[in-house]
Amino acid sequence: MGTSTTSASTPETEGAVETRGIEPVPDSERHGRVRELFPTWVAANISVLLLTMGASLAVNNGLNFWQVLLVAGIAALVAFGMVGVLSVSGKWGGAPGALLSRAAFGVRGNYFPGAILWVARFGWETINAVTGAYAVLTVLNLLFGIKSNNVLIVVTLLAFVAVTYLVSGLGRKALNVCNKYSTYLFGLFSIMVLAYLIATMDWHAIFAKKAGTTAMVIAGIGTIAAGGISWVPTGPDFARYLPHSASGKKIASVTVSGAALVMVPMVLMGGVMAVSSPKLAGQNTDPMSFLGGILPTWLAIPYLITALVGMVLINSLSMYSAGFTAQTMGVKLPRALAVSINAVISLVGGLFMMLVAKDFIGQFIAFLTLLAVSFSAWIGVYGIDMARRRKLAVRYDAEGLMDTTRTSRYWYAGGFCWQAMTAWGVALAAGLCFTKVQWFTGPLATTWIGQNGLGWAATIVIAAAVFAVLPAARENVPAAAAGRAADEAPVPAEVG
């Protein structure tokens, strides 16, 4: 086990490369602004896969234009509403979500949900890497007529992962700059694509499409929301440089608006494209090549290139946070080096998906479904823990978070908060019982919850309910220290 570490052990440099690891950010370095979160969550959703998922809503779920719009809007609000609300804990404790989670689960207990979140992030980074490599291959085909082959697949995937690793290693400041300008570029070309679709699509056929069932609408919300749910534990990572005075309501609203600005129109555009090209939703091996058939070359190429930049940033944001998760799991490496573990795994996994596996989209949907359930158990527990901490004078103790010995404030019983662990374990098992994917069917998958794809929602509710009814855990705080904390740190009057 480790030793107690102070929060000021690794100051952030003034340069572009961030050197701070998981240790909480001191107040003297809290110079961030809430509006900086907007381009972060715009960039986090710049994925052409949203087009494919939108098309799937129209073709596989049988939804019409208005239903696709409804699904996209609700999914953005639900998923990134949770991201925004739980991000507030980042400004409370000045630390990544993976570290703050120790306060809920205990120093040792946090290893269990942390391990699942870490593994899930490997999968997400692999999906993004494969999508980025396919985008490069599509551009090469459109520009030079170069057809994909095994050697080219290896080269493009390696290049994508390498660039992602380099960008993520620069840290928060560099990512903020990249996010800002990629938002402008992608927004510009997205408007151009939207204008092209408005001018060329068969709108009579689009609006004449019959409505799908309510069950398919509900299931569609879960599918689209799953990607956003995976960002919930990451939210505090990008809010940890915000001052204590930052508005919690503004953090949540900026997060939702940034994500919705990209999610809603892209999912809707995918649904519209599916009318003219039903094969879009059935493209199982290469999710990018369809753009070359639907859009003219002069528009498809710059759009794919800007989307490629966006996918690099998505993976960079993911790897940035994965480095923190690795450190909280006991990996004794600086954050930038810890990120390299994820880079290698995403490279190996990507090669398997592109060279061996044949059903990319099917695997992607299965992964999203399991991802949502695995993250939802953590969300339920963490959300209740946050609600309880709103009433505390000391919401998070920096030294206690970094101390991995039995002297830690968050040691609880043997390093475990048994209440949180029980709620998390019960909810995770129940969520999997409601889940059905290509290669796994839970015993409760045929129930109303399972058939409507609400396993993730049930997981959150069960985790929150079980944790809420169990007796609150006692933190390891000496009576004298607790009295001083209450005197010196009154509860702030500001909301959130």
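So, here is what we can say about the structure in this document. Just so it is clear, the model here is predicted, and its values are computed rather than measured.

### A word on helix 2 (residues 49-59)
Counting buried residues along helix 2, 10 of its 11 residues qualify, which places the element largely inside the surrounding structure. Those residues of helix 2 that sit buried are L49, L50, L51, T52, M53, G54, A55, S56, L57 and A58.

### What about the packing of aromatic side chains?
Aromatic ring pairs are reported here in terms of the distance separating the ring centres and the angle at which the planes meet. Summed over the entire model, instances satisfying the criterion amount to 10 aromatic pairs. Residues F65 and W66 carry aromatic rings whose centres are separated by 4.9 Å and whose planes lie at 85° to one another, so their mutual orientation is edge-to-face. Classification of F65 as buried rests on a relative accessible area of 14%. With a relative accessible area of 54%, W66 lands in the exposed category. Here a set of aromatic residues connected by ring pairs shows up, and it is made of W41, F80, W231 and F238.

### Topic: the packing of helix 15 (residues 360-389) against helix 17 (residues 418-433)
Where helix 15 meets helix 17, the closest approach of the two axes is 9 Å, and the angle between their N-to-C directions is 155°. Overall, the two elements helix 15 and helix 17 adopt an arrangement that is roughly antiparallel. The two elements helix 15 and helix 17 cross, and the hand of that crossing is right-handed. Contact with helix 15, carried on its side by L370, V373, S374, A377, W378 and V381, involves A420, A423, W424, A427, L428, G431 and L432 of helix 17 and no other residues of that element. When the residues that make up the contact of helix 15 with helix 17 are grouped by side-chain class, the tally is 11 nonpolar, 2 polar and no charged.

### Observations concerning the packing of helix 9 (residues 214-229) against helix 15
At a minimum axis distance of 8 Å, the contact between helix 9 and helix 15 shows a crossing angle of 60°. Judged on the interaxial angle alone, helix 15 and helix 9 are oblique. Seen along the crossing, helix 9 lies across helix 15 with a hand that is left-handed. In contact with T223, A226, G227 and I229 of helix 9, helix 15 contributes I365, L368, L371, A372, F375, S376 and I379. Classifying every residue of the contact of helix 9 with helix 15 by side-chain character gives 8 nonpolar, 3 polar and no charged.

### Focus: the pattern of salt bridges
The full count for this structure, using the stated rule, is 3 salt bridges. Of the charged contacts, one joins D385 and R389 as a salt bridge, the two residues approaching to 2.8 Å between their closest N and O atoms. Linking D385 with R389, this pair stays in helix 15, spanning 4 residues, or about one helical turn. For the pair D385 and R389, a shared accessibility class is recorded, and that class is buried.

### A short note on the environment of K250
If you trace the backbone, K250 turns up in helix 11 (residues 248-276). Taking the C-alpha atoms as reference points, K250 and R35, separated by 215 residues in sequence, lie 8.7 Å from one another.

Cut-off values and rules
Residues numbered from 1 in each chain as written. Predicted model: local features only at pLDDT ≥ 70, side-chain atom pairs only at ≥ 80, totals over all residues. Heavy atoms only, no water. Buried < 20%, exposed > 50% of the residue type's maximum accessible area, 1.4 Å probe, protein only. Helix = DSSP H or I, 4+ residues; strand = E, 2+ residues; numbered from the N terminus. Phe/Tyr/Trp six-rings, centres within 6.5 Å; stacked < 30°, edge-to-face > 60°. Axes fitted to C-alpha atoms, helices over the stretch in contact; angles between N-to-C directions. Parallel < 35°, antiparallel > 145°, perpendicular 65-115°, else oblique. Left-handed = near helix turned anticlockwise from the far one by under 90°. Contact = heavy atoms within 4.5 Å. Nonpolar A, V, L, I, M, F, W, Y, C, P; charged D, E, K, R; others polar. Salt bridge = Lys/Arg side-chain N within 4 Å of Asp/Glu carboxyl O.

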